[in-house]
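# Geometric and topological summary
Here's the letter readout for the chains.
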Amino acid sequence: MNSISFRRFNLSVILSALIVLMFVGASQAQQKKSRVKRSTVAADTLLTAFRSPPASAKPRVYWFWEFNRVTKEGITRDLEQFKAKGISGVNLICTGGYAGKEPLPGVEFLGAEWRALFRYAVTKANKLHIEIGFNLAGGWTLMGPSVTKDNAMKKVVSAELRISGPTKFSGTLPQAPMVENYYHDIMVQAFPAPDSTKKIDPKTIIDLTSRMDANGHLDWEVPNGKWVVLRTGYTLTGHPWSKWHAYPEGDTFKGGEGYEIDYLSKAAVDDYFSHLGKTIIEETKKAGGHLDYLWSDSWECGKLTWTQDFANQFTRFRGYDLRSYMPVLAGYAVVNTEVSERFREDFDRTIQDCIAENFYARFEELCHKNGLKVGNEAGGPNDIPPQDVLKNFGHSDILSGEFWVNGNRNAPGGYNKNPRERLNLKQTATAAHVYGKQQAEAEAFTEQEKDGTHWSLGPSDLKPYANDAFCEGINRFMLHQATCQPPSDGKPGYEFCAGQHFTPNITWWEQSPAFFGYLSRCQYMLQQGKFVGDVCFYIGERPPLLAPPKYLIPSLGPGYDCDYSNPEVLLTRMTVKNGRIVLPDGMSYKLLVLQNCTSPSPKVAEEVGSYQGLQVSPVPSDAMSLPVIKKIRELINMGATVVGPPPVRSAELKNYPECDEQVKKIAAEIWGELDGKTRTERRLGKGRVIWGKTPREILLADGVAPDFSFTGQTEQSDQFDYIHRTNGETEIYFVTNRTNQHEKRDFTFRVAGKQPEIWDAVTGKMVMAKAYSQTNARTTLSLELDEFSSYFIVFRKPIKTDAQGDAERNFPKLTEIKKLEGTWNTTFDPNWGGPANAKFSELISWTQRPEEGIKYYSGTATYTKSFDLNKTANRKNKGKIKPERLFLDLGNVKNVAEVRLNGKKLGILWCAPWRVEITGAAKQTGNVLQVDVINLWANRVVHDLSLPKEKRITKTHDVFRFDMLNVNTPLLESGLLGPVKVYAATNEQ
């Protein structure tokens, strides 16, 4: 090769290398650019969906067919309006729970006309892409005319006869009282009459069942001594809600009457499904459409204690025969009180297991077999039998609790904070977390109380209850409720007996998208990723297994959150990874705390128990079954941190007393020399067990700081609340002000190295926080929250861990520049009794005006006022202060407002701050302001109740059930209340 060729070769190689390097560099740059682009797109996707949430984040609504008084026109109007206003699903419930005096005429349930209307509703919902479900009953839970007494709810009953022997007895045994002439025997037993302790030796019990005939006649050679002959059987429960009646005697419609099914029996579920379930599925197929789910609503039918094969079920679940222990149910002690108590717990556990597996799991199986999802309010409320509610929810696709707004009127602090109104929300949310369900739903805003149930709360009144529910972990609402009715019935129409009413008949329906939009944005964000909780509290095995509401747990303190676990989750879903307790769906916890009760707080335990009609002990159980303690040992060896004292006995009667020794042996292996006082921690395998320290002490010692804190938290921890979700590299906090005051406070989040962003679910706007600090792997920023307001604080963009904000504040500084005083011209709708024109020399409630047409007015009124701005407005600023933005603040409004300035629509205001930006619409002089103000129906309805029917403007009930509205119901403040001001805002850099 000559030199020229060599040089050419070298040049060629060099050029080729350069091209390769350029390509690689360009490729790497392109990849980097693509990664940035993908990251930006991902971020934008979150924000875009926040501003305009998908259907899966929008609220559902209970859609009541009251007495089946429905028409195609009513169905069409409702579904089209739901779609237009931001409701994405309906849960169709046929009921007769009425607010008026007499039943309304309607079509026959399951008759030809009803079936045609049902098919039309399915078809219409499908065309509108509205999710539709059906509550499988003519009431709440599974009940109706197809349910026979054999398939209805049953209870154990007994009667006894005392005999002295030796003698020959031939006679009819006494029988316990029966309900509705229904009774069947279970067994007949005889045992020596015990002394005052009522203790029985099970070896002395004689089974006489085969010696008694079908008429209760017994022939028996009685041995020497005094004997008790115990005849045990079962009858119907007789609970008022175990059999439904037509209104007004009950809350269903004619043709819907019948018994609740036996929830301990698969056969009862199957029979019921073969009637109503099959009918609904067939009618749906005829419509050429689909249902999304079948539903079983809240348990309000009392307790049950027996089903025909309960003895076999008991043996299947508990592993021993119950016959020797049946006298315990009649008040006797078999062996001793401890053994008897264990049997009672095993008996109640079997009820729990039968409900979970024979009802909820079977209902799930039947729905899935027919291509349907299943939804349940599986945790009550009201007089429930012992239940493992988390396990019930494990068999649900749609998990739902419920919360109420009773007690709102004149409540201290602006709303009723009593957790009793939301007692099963945390339970529902924790079930979703531990069973891998993305959504936790709640029946929302239910109300039933004198003087306040119907059309008495506006969206701003409902907001604090919504915020509380979100902080409990709920991330989808099923609004309660909308009654379907013919448009010809007029307004506000005929209603179900409990509110709210989210229908096209309400006064603020046209403005409702603003409120529904807020709910949807919150729900969308709270459906992202996974809930963040540092602690999982194990509630133990003693029935009933109920999780408490969110409350300040003394041992955990403020700033940390938690979930709860039942035995099933612990045994089948828990493992350990990197020292954390993890579940298959991605949830994880730092600590597993052996709480072994619903709550150690007597107050919380009492509230939960009274809410459900059950005894709930605040004393942690000292018992643990052999499978559970073995799993605890396994988790610790794998690396878990388990907190709590050792058990001292088995939680089961099976293999007693050997079971106790086995549990004690494993407990000694785990806890070793620990005494919970001087020796509180020991290692076992890769993990550790701690006894005698609080979860908060342990977390702090491990360097796990509170997830959320604020200045003043120690003194008043309930002023603000939060919930935290993590989604990949994005951290999402929801922060709420639980006071009716404007608050400015510093908040600290357990996140560092990411830019904090402030997202407002009311407006859909996002701003980057510019005033913040980072220290000790946490970020602190100042927030200004108006009454009952909320923000999402989102961390997703990487920054340096020592980066600090460069501004003094995160919110504009407002300076009042104009107060709109003097007379306002106001127009009312004469069709609803108002004057065409009126003047307000001062902004006062309509109820303070002497004119009847204003005082009792319900609907929309328009306030108009002209004004000039001060010369200081829109001035040019120099230095570091940005040009002013202008805001109009309405002060206070009852209940919703739409604002127009100089003909430009500026938006809907429905909650504090009653403020809207007017920068682009305002002029220096000659501004014309128009404010449409919409109040609620209650005032006009209350007044109409005092008038002869022919003089009434509203069309609704003549008399309201339970005095929910009456002529003496206090009127509600209404109108534009002010003061109305214009503010200039600056951002100081």
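The structure this text deals with has already been given above.
Residues numbered from 1 in each chain as written. Predicted model: local features only at pLDDT ≥ 70, side-chain atom pairs only at ≥ 80, totals over all residues. Heavy atoms only, no water.

## Let's talk about the overall build of the protein chain
The helix and strand tally for the protein chain stands at 17 helices and 48 strands. Relative to the globule expectation of 30 Å for 989 residues, the C-alpha radius of gyration of the protein chain, 33 Å, shows essentially globular dimensions. Overall size of the protein chain, expressed as C-alpha extent along the three principal axes, is 110 × 105 × 65 Å. Buried positions account for 59% of the 989 residues belonging to the protein chain. In the protein chain, 78% of the contacts between residues at least 6 apart in sequence involve partners at least 24 apart. (Helix = DSSP H or I, 4+ residues; strand = E, 2+ residues; numbered from the N terminus. Rg over C-alpha atoms; globule rule 2.2 N^0.38 Å. Buried < 20%, exposed > 50% of the residue type's maximum accessible area, 1.4 Å probe, protein only. Contact = heavy atoms within 4.5 Å.)

## Description of helix 2 (residues 72–85)
Relative to the 20 Å expected for 14 residues at 1.5 Å per residue, helix 2 spans 20 Å between its end C-alpha atoms, a close match to the ideal helical length. Restricting attention to buried positions, one finds in helix 2 the residues Gly 74, Ile 75, Thr 76, Arg 77, Asp 78, Leu 79, Phe 82 and Lys 85. Where helix 2 is buried, its residues meet strand 1 (60–66), strand 2 (89–95), helix 3 (112–127), strand 17 (476–483) and helix 10 (512–526). Within two residues after helix 2, Gly 86 carries a phi angle of roughly 110°, on the positive side. (Expected span 1.5 Å × (residues − 1).)

## Some words on the packing of helix 3 against helix 4 (residues 266–286)
Running from N to C, helix 3 and helix 4 cross one another at 60°; their axes reach a closest spacing of 9 Å. In this view, helix 3 runs oblique relative to helix 4, as classed from their interaxial angle. Crossing hand, helix 3 versus helix 4: right-handed. Only Thr 279, Ile 280, Glu 283, Thr 284 and Lys 286 of helix 4 make contact with helix 3, whose side of the interface consists of Trp 114, Arg 115, Phe 118, Arg 119 and Val 122. For the contact of helix 3 with helix 4, a count of residues per class yields 4 nonpolar, 2 polar and 4 charged. (Axes fitted to C-alpha atoms, helices over the stretch in contact; angles between N-to-C directions. Parallel < 35°, antiparallel > 145°, perpendicular 65-115°, else oblique. Left-handed = near helix turned anticlockwise from the far one by under 90°. Nonpolar A, V, L, I, M, F, W, Y, C, P; charged D, E, K, R; others polar.)

## Comments concerning empty space enclosed by the protein
Under the criterion given, the structure shown has 5 cavities of 30 Å³ or more. Estimated volume of the largest cavity: approximately 110 Å³. Lining the largest cavity, in full, are Trp 455, Ser 456, Leu 457, Leu 462, Gln 500, His 501, Phe 502, Ile 506, Thr 507, Trp 508, Leu 936 and Trp 937. Among the residues making up the lining of the largest cavity, the classes are represented as 8 nonpolar, 4 polar and no charged. (1 Å grid on protein atoms, 1.4 Å probe; cavity = no way out; pocket = protein on both sides within 12 Å on 5 of 7 lines; lining within 4 Å. Points joined across faces, edges and corners; volume = space filled by probe spheres on them.)

## Observations regarding the packing of aromatic side chains
As enumerated under the stated definition, the model contains 71 aromatic pairs in all. Measuring from ring centre to ring centre gives 5.9 Å for Phe 708 and Phe 749, while their planes differ by 55°; the resulting arrangement is tilted. Note that Phe 708 is positioned in strand 28 (residues 708–710) and Phe 749 in strand 31 (residues 743–749), a separation of 41 residues in sequence. By relative accessible area, Phe 708 is classed as buried at 1%. Above the ring of Phe 317, the side-chain terminus of Arg 316 is found at 4.1 Å from the ring centroid. (Phe/Tyr/Trp six-rings, centres within 6.5 Å; stacked < 30°, edge-to-face > 60°. Lys NZ or Arg CZ within 6 Å of the ring centre and 35° of its normal.)

## What to know about the sheet that holds strand 22 (residues 580–582)
Taken together, the 3 strands give an open sheet; going across it, the order is 21-22-23, and neighbouring strands pair in antiparallel fashion. Edge positions in the sheet fall to strand 21 (575–577) and strand 23 (588–589), since each has one partner strand and no second. Two elements, strand 22 and strand 23, share 2 bridges in a ladder whose sense is antiparallel. Its bridge partner being in strand 23, Ile 581 is matched across the sheet by Tyr 589. (Pairing = 2+ DSSP bridges.)

## Topic: the pairing of strand 24 (residues 591–594)
Across the two faces of strand 24 the burial is the same, with Leu 591 and Val 593 and Leu 592 and Leu 594 all buried. Here 2 bridges tie strand 24 to strand 25 (residues 641–643), and the two strands are oriented parallel to one another. Looking at strand 25, one finds that Val 593 is bridged to Val 643.

## So, the nonpolar core
Residues Trp 63, Trp 65, Phe 445, Phe 477 and Phe 792 are the most contacted members of the largest nonpolar core, which totals 222 residues. A total of 11 residues in this core trace back to one element, the largest contributor, which is helix 6 (residues 337–369). With residues near it in sequence (within four places) discarded, Trp 65 still touches Val 70, Ile 75, Leu 92, Ile 93, Cys 94, Thr 95, Trp 114, Leu 117, Phe 118, Ala 121 and Cys 484. Counting residues in each nonpolar core, the second largest holds 37 residues, with Val 893, Trp 914, Val 982 and Ala 984 among its members. (Core = buried A, V, L, I, M, F, W, Y, C linked by side-chain atoms within 4.5 Å.)

## Let's talk about the pairing of strand 44 (residues 904–909)
The pairing of strand 43 (residues 896–901) with strand 44 spans 5 bridges and is antiparallel. Residue pairing across strands places Val 899 opposite Gly 907, the latter belonging to strand 44. Taken together, strand 43 and the strand that follows it, strand 44, pair antiparallel across an intervening segment of 2 residues, in which Asn 902 is found at a positive phi of about 55°.

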